Amino acid sequence: MIFNDVNMLMRWQTNPYTEVNYIEGETGGYIDTLYVPNASSVIENYYTYTLTANWQRIIGAYSDNNNRLVLQRYSSTGSVSVYLNATQNFVNVGSGTPLKAVFDLPNMKFISNGGTASLNGTIATTVPWYLHTIGTSGSKGRIYGCTIKENDVTIKNFVPAIRNSDSVVGMLEKVNNVFYTNAGTGTFTYG
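Just so it is clear, the structure is predicted and the values come from calculations on it, not from any experiment.

So, the overall build of the protein: which residues are in play, and what are the values?
Helix and strand content of the protein: one helix and 17 strands. Across the 191 residues in the protein, those meeting the buried criterion constitute 46%. Across the protein, the fraction of contacts at a sequence separation of at least 24, relative to all contacts at a separation of at least 6, is 59%. A total of about 9200 Å² of accessible surface is found on the protein, and carbon and sulfur atoms cover 48% of it.

Below, the structure is given as structure tokens:
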């Protein structure tokens, strides 16, 4: 990396990350937050997705159909559902850029640009929260950020960023100052 002036070099040395507006990826790419949702979790996500011919798991925690908490879109209808374990809850995600998806688990609600929906079931997932594609469903989209709270305390705050030392794109978790890179396949771009 070539630095044009001393001030640029000093900024690069003192701040190892540059925040960006979003990260963007396709099939197979995801950020593993290493956080397993529980009954006291409030998870706020900002995202967009591009319609594809395949179903898309946009964000969430997924192991199998009985161990999941995910936001999923269907190719045949374009409808969006929140799944809690085996229970499907159709939701209106509304419109806007970015879209908002809040999983308010203490109150068993899903909140979006399109309104609020009740979640039916019991929080029993044992797998971590993923940002972006879950599985290999052909999902395409952007992640603008994610905040995770427990008992009204922010424990993780993810923002899109680039690691300056090698230009790798990922999510910077600002509470603990940890940089998360793609845990799946492919690469992320940014904007």
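Additional details are given in the paragraphs that follow.
Please provide a residue-by-residue account of the environment of Val80, values included.
Its location among the elements puts Val80 in strand 7 (residues 80–84). For Val80, a relative accessible area of 5% translates into the label buried. Counting along the chain gives eleven residues from Val80 to Val91, while the straight-line C-alpha distance between them is 5.9 Å.

Provide a residue-level description of the packing of aromatic side chains, including the pertinent values.
Applying the stated criterion across every chain, the model contains six aromatic pairs. A ring pair is formed by Tyr22 and Tyr144, whose centres lie 5.5 Å apart and whose planes are at 55°; its orientation type is tilted. In this pair, Tyr22 sits in the loop between strand 1 (17–19) and strand 2 (23–25) while Tyr144 sits in strand 13 (residues 141–150), placing the two residues 122 residues apart along the sequence. Comparing Tyr22 with Tyr144, the two get one shared label, buried. Geometrically, the ring pair formed by Phe158 and Tyr180 is edge-to-face, given 5.2 Å between the ring centres and 70° between the ring planes. Remark: Tyr180 occurs in strand 16 (residues 178–180) and Phe158 occurs in strand 14 (residues 153–163); sequence separation between them is 22 residues. The class of Phe158 is buried, set by a relative accessible area of 1%. An aromatic cluster of three or more residues is present, and its members are Phe103, Phe110 and Trp129.

Outline the side chain of Asn45, supporting the account with residue identities and numerical values.
Within the element layout of this structure, Asn45 appears in strand 4 (residues 41–49). What makes Asn45 buried here is its relative accessible area of 1%. A distance of 3.5 Å separates a polar atom in the side chain of Asn45 from the backbone oxygen of Ile43. At 3.2 Å, the side chain of Asn45 forms a polar contact with the side chain of Trp129.

Requested: an account of the pairing of strand 13, with residues and values cited.
Pairing analysis gives three bridges linking strand 2 to strand 13, with the strands arranged antiparallel. Along strand 13, the bridge assignment pairs Gly25 with Gly141. Here strand 4 pairs with strand 13 via nine bridges, running antiparallel. Within the sheet, the bridge partner assigned to Glu44 lies in strand 13 and is Thr147. Hairpin connection, strand 13 to strand 14: the antiparallel pair is bridged by two residues, and Asn151 has positive phi, about 50°.

I'd like a description of the pairing of strand 8 (residues 87–91), backed by residues and values.
As paired elements, strand 7 and strand 8 share five bridges and run antiparallel to each other. Residue pairing for strand 8: Val82 is matched across the bridge by Asn89. Here strand 7 folds back onto strand 8, and the loop between the two strands holds two residues, one of which, Asn85, carries a positive phi near 55°.

Would you mind going over the environment of Tyr130 in detail, with residue names and values included?
Mapping Tyr130 onto the fold places it in strand 12 (residues 130–132). When the C-alpha atoms of Tyr130 and Tyr30 are compared, they prove to be 6.3 Å apart, with 100 residues separating the residues in sequence. Residues within four places of Tyr130 in sequence aside, it is in contact with Tyr30, Ile31, Asp32, Ile59 and Gly60.

Procedures and definitions
Residues numbered from 1 in each chain as written. Predicted model: local features only at pLDDT ≥ 70, side-chain atom pairs only at ≥ 80, totals over all residues. Heavy atoms only, no water. Helix = DSSP H or I, 4+ residues; strand = E, 2+ residues; numbered from the N terminus. Buried < 20%, exposed > 50% of the residue type's maximum accessible area, 1.4 Å probe, protein only. Contact = heavy atoms within 4.5 Å. Areas by Shrake-Rupley, 256 points an atom, 1.4 Å probe, with all protein chains shown as cover. Phe/Tyr/Trp six-rings, centres within 6.5 Å; stacked < 30°, edge-to-face > 60°. Polar contact = N/O pair within 3.5 Å; in protein donor to acceptor, adjacent residues only side chain to side chain. Pairing = 2+ DSSP bridges.

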